[in-house]
Amino acid sequence: MRIGISSLAVLSLILVAGCASDGARSGVGLSGAAFARVEPSRQIGSGPLAPQSLVGVAPEALSARLGAPDFRRVEPGAEVWQYAGGACNLFVYFYKTDADVLASSYVDARKREGGAADPNACLAGVLTKRNVPVS
C-alpha cells in the first residue's frame, strides 16, 4: 500500500492532536463518509453561534463570521485555525472533501495550560475577545 504526502500530513495532524490530548474529548465534528460528502457552506447562519455551527463550513465562511484566525497552519489537504479566547484556544480543523474543497470537519477547545476545555464556553470567550455578536 502506498501512502501519499497529503495522507501523511492529515495523519500527522491527527496524531499530533491525539498526543496533545489528555484523553478527554472536548470537540464536535464530522468524520469518515459523512464528512467526505460534505458540500461546505459558504456562510454561517445569522443565529447564535455554537461549536456545531462551525462544522461543515468553508474557510471563508468562518473568517467572515469570526475574522482571521490568530494562528493558521497549512498542510497539503488540511488547515488548522486557532482562535484565542480568554483561558482557552478554539481550534477548527479543515480537510479536503471528496470534491477537493476545504471544509471544517472538527472544532475543539483546549485550555491554555493544557487539557480539554468546554467548546461552548471557549467559543463565547473568542466572541467576547473579538467583540463579535453572538447572533
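Per chain, residue numbering runs from 1 following the sequence as it is written. In keeping with the model being predicted, local features are shown solely for residues with a pLDDT of at least 70 and side-chain atom pairs are shown and tallied solely at 80 or more, while totals for entire chains, interfaces and linings include all residues. Side-chain measures were taken over the full set of non-hydrogen atoms in the model, leaving aside hydrogen atoms and water.

Peer 1: It is not clear to me how helix α4 (residues 119-130) should be interpreted in this structure. Could you clarify?
Peer 2: Every α-helix carries 3.6 residues per turn, so stepping three or four residues along brings you back to the same face. For the purposes of this entry, the term helix denotes a DSSP run of H or I that reaches at least four residues, the term strand denotes a run of E that reaches at least two, and both are numbered from the N terminus. Any helix carries an expected span of 1.5 Å times its number of residues minus one. Along its twelve residues, α4 runs 16 Å from first to last C-alpha, staying within 8% of the 16 Å computed at 1.5 Å per residue. In what follows, residue pairs with any heavy atoms lying within 4.5 Å of each other are defined as contacts. Check the buried side of α4 and you find it contacts α3 (59-66), β3 (78-85), β4 (88-96) and β5 (102-111). Directly beyond the C-terminal end of α4, a positive phi value near 60° is found at Asn 131.

Peer 1: What exactly am I supposed to notice about the packing of aromatic side chains here?
Peer 2: Between two aromatic rings, the relevant description is the distance of the centres plus the angle of the planes. Geometry of aromatic contacts follows a simple scheme: Phe, Tyr and Trp rings, the Trp one being its six-membered ring, pair when their centres are within 6.5 Å, and the pair is stacked under 30 degrees between planes, edge-to-face over 60, tilted otherwise. As enumerated under the stated definition, the model contains two aromatic pairs in all. Geometrically, the ring pair formed by Trp 81 and Phe 94 is tilted, given 4.9 Å between the ring centres and 55° between the ring planes. Here Trp 81 is found in strand β3, whereas its partner Phe 94 is found in strand β4, with 13 residues between them in sequence. A 1.4 Å probe rolled over the protein chains alone gives each residue an accessible area, and that area as a share of the maximum for its type sets the label: buried under 20%, exposed over 50%, partly exposed in between. Of the residues examined, Trp 81 reaches a relative accessible area of 6% and is grouped as buried. Residue Phe 94 is classed as buried on the basis of its relative accessible area, which comes to 0%. Aromatic pair Tyr 93 and Tyr 106: ring centres 6.1 Å apart, planes at 50°, arrangement tilted.

Peer 1: Explain the confidence of the model for the protein chain to me, please; I cannot follow it from the model alone.
Peer 2: Segments scoring low in pLDDT should not have their predicted coordinates read at a detailed level. The predictor reports its confidence for every residue as pLDDT, a score running from 0 up to 100. With 70% of its residues at a pLDDT of 70 or more, the protein chain shows a mean pLDDT of 79. Ranking the elements of the protein chain by mean pLDDT puts helix α1 (residues 5-20) last with 42 and strand β2 (residues 71-75) first with 97. Across residues 1-23, confidence stays below pLDDT 50; counting only partners more than four residues off in sequence or on other chains, it has 21 contacts.

Peer 1: Can you help me understand the nonpolar core in this one?
Peer 2: Counting 23 residues, the largest nonpolar core has Ile 44, Leu 49, Leu 54, Leu 62, Leu 66, Tyr 83 and Leu 90 as its most contacted members. Contributing elements (two or more residues each) for this core: α3, β3, β4, β5 and α4. Residues belong to one nonpolar core when they are buried, are Ala, Val, Leu, Ile, Met, Phe, Trp, Tyr or Cys, and are joined through side-chain atoms within 4.5 Å. Membership of the second largest hydrophobic core comes to six residues, among which are Ala 78, Phe 91, Tyr 93 and Tyr 95.

Peer 1: What am I meant to see in the state of the cysteines here?
Peer 2: Working definition of a disulfide: a covalent bond connecting the sulfur atoms of two cysteines. Any cysteine sulfur atom paired with another within 2.5 Å is treated as part of a disulfide. Going through the model one piece at a time under the given rule, you end up with one disulfide. In this model Cys 88 forms its disulfide with Cys 122; the gap between the sulfur atoms is 2.1 Å. With the S-S dihedral at roughly 110°, the linkage between Cys 88 and Cys 122 falls on the right-handed side. Separated by 34 residues along the polypeptide, Cys 88 in strand β4 and Cys 122 in helix α4 bring together distant segments of the chain. When its relative accessible area of 8% is taken as the criterion, Cys 88 is described as buried. In this structure Cys 122 comes out as buried when scored by relative accessible area, which is 1%.

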